[in-house]
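# Geometric and topological summary
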Amino acid sequence: MQELQIDLIDGNFTASDAMEIITSVLDKKMNFHKLQRLAKTERDHADPCTFENERIAALQSEKDKAISFLGPMIQRSETLSIKSEIKINKN
């Protein structure tokens with residue numbers, strides 16, 4: 001099995017910058033699924049797009065959690081450490 005690891009985020013950030021980074025990544029991923037959903041429904045108007053809808057809802061929930069977590073830290077001008085990795089495996 002082959003594997004690739006990408007260090008996506010690794011550093012210290014103000015809470016405000018952390019909010020921008022995290023929400024931007026989540027927004028981009030939600031937009032990806034929205035475009036996938038649109039493409040599916042253009043091909044088949046009856047397609048319920050279950051996976052895409054569930055994934056969008058799950059990502060929105062994660063975004064809401066991040067906003068709730070980081071919001072108070074922004075008010076206190078806190079600094080945070082963030083590390084995010086992407087692991088890609090070839091089966």
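For the structure itself, consult the block above.
Parameters and conventions
The written sequence of each chain sets the order in which its residues are numbered from 1. Local features are withheld for residues below a pLDDT of 70 in this predicted model, meaning they are given only at 70 or higher, and side-chain atom pairs are given and counted only at 80 or more; totals for whole chains, interfaces and linings count all residues. The side-chain values count all of the structure's non-hydrogen atoms but skip hydrogen atoms and water molecules. Nonpolar cores were defined as sets of buried Ala, Val, Leu, Ile, Met, Phe, Trp, Tyr and Cys residues, with membership established by side-chain atoms within 4.5 Å. When accessible area is computed with a 1.4 Å probe and restricted to protein chains, residues below 20% of their type maximum are described as buried, those above 50% as exposed, and intermediate ones as partly exposed. Comment: elements are numbered from the N terminus, with helices defined as DSSP H or I runs of at least four residues and strands as E runs of at least two. In what follows, a contact means two residues having at least one pair of non-hydrogen atoms within 4.5 Å. One speaks of a salt bridge when a side-chain nitrogen belonging to Lys or Arg is within 4 Å of a carboxyl oxygen belonging to Asp or Glu. Patches in this entry comprise residues that are over 30% relatively accessible and not in a salt bridge; like charges within 9 Å are linked, as are nonpolar side chains (Val, Leu, Ile, Met, Phe, Trp, Tyr) within 5 Å. Each accessible area value is a Shrake-Rupley result obtained with a 1.4 Å probe; residue values ignore everything except the protein chains displayed when judging cover. What qualifies as a polar contact is a pair of N or O atoms within 3.5 Å, subject to a donor-acceptor requirement within protein and to the restriction that residues adjacent in sequence count only when both atoms come from side chains.

One recurring pattern in soluble globular proteins is that nonpolar side chains are buried together. The biggest cluster of nonpolar side chains holds eight residues, and these are Ile9, Ala15, Ala18, Met19, Leu70, Met73, Leu80 and Ile82. Among the elements of the structure, α1 (15–43), α2 (50–75) and β2 (79–90) are those that each provide at least two residues to this core. In contact with alanine 18, not counting residues within four places along its chain, are Phe13, Leu70, Leu80 and Ile82.

What follows deals with the side chain of glutamate 52. Looking at where glutamate 52 falls in the secondary structure, it is placed in helix α2. With residues up to four places along the chain from it excluded, the contact list for glutamate 52 reads His33, Gln36, Arg37 and Lys40.

Two side chains bearing opposite charge may form a pair once their charged atoms approach each other closely. Within the structure shown, the criterion is met by seven salt bridges. Note that aspartate 7 is salt-bridged to lysine 83, the shortest N-O span being 3.8 Å. In this pair, aspartate 7 sits in strand β1 (residues 2–14) while lysine 83 sits in strand β2, placing the two residues 76 residues apart along the sequence. The salt bridge partner of glutamate 78 is arginine 76, with a shortest N-O separation of 2.5 Å.

Where nonpolar side chains cluster on the molecular surface, the patch consists of Leu4, Ile6, Leu8, Val25, Ile86 and Ile88 and spans about 470 Å² of accessible area. At the level of elements, β1 and β2 are the ones that each hand at least two residues to the nonpolar patch. Of all the elements, β1 adds the most residues to the nonpolar patch, at three residues. In this structure, isoleucine 86 sits in strand β2.

What follows covers the side chain of threonine 23. Note that threonine 23 resides in helix α1. Residue class for threonine 23 comes out buried when judged on its relative accessible area of 13%. A distance of 2.7 Å separates a polar side-chain atom of threonine 23 from the backbone oxygen of methionine 19. Residue contacts for threonine 23: discarding those within four places in its chain leaves Lys63 and Ile67.

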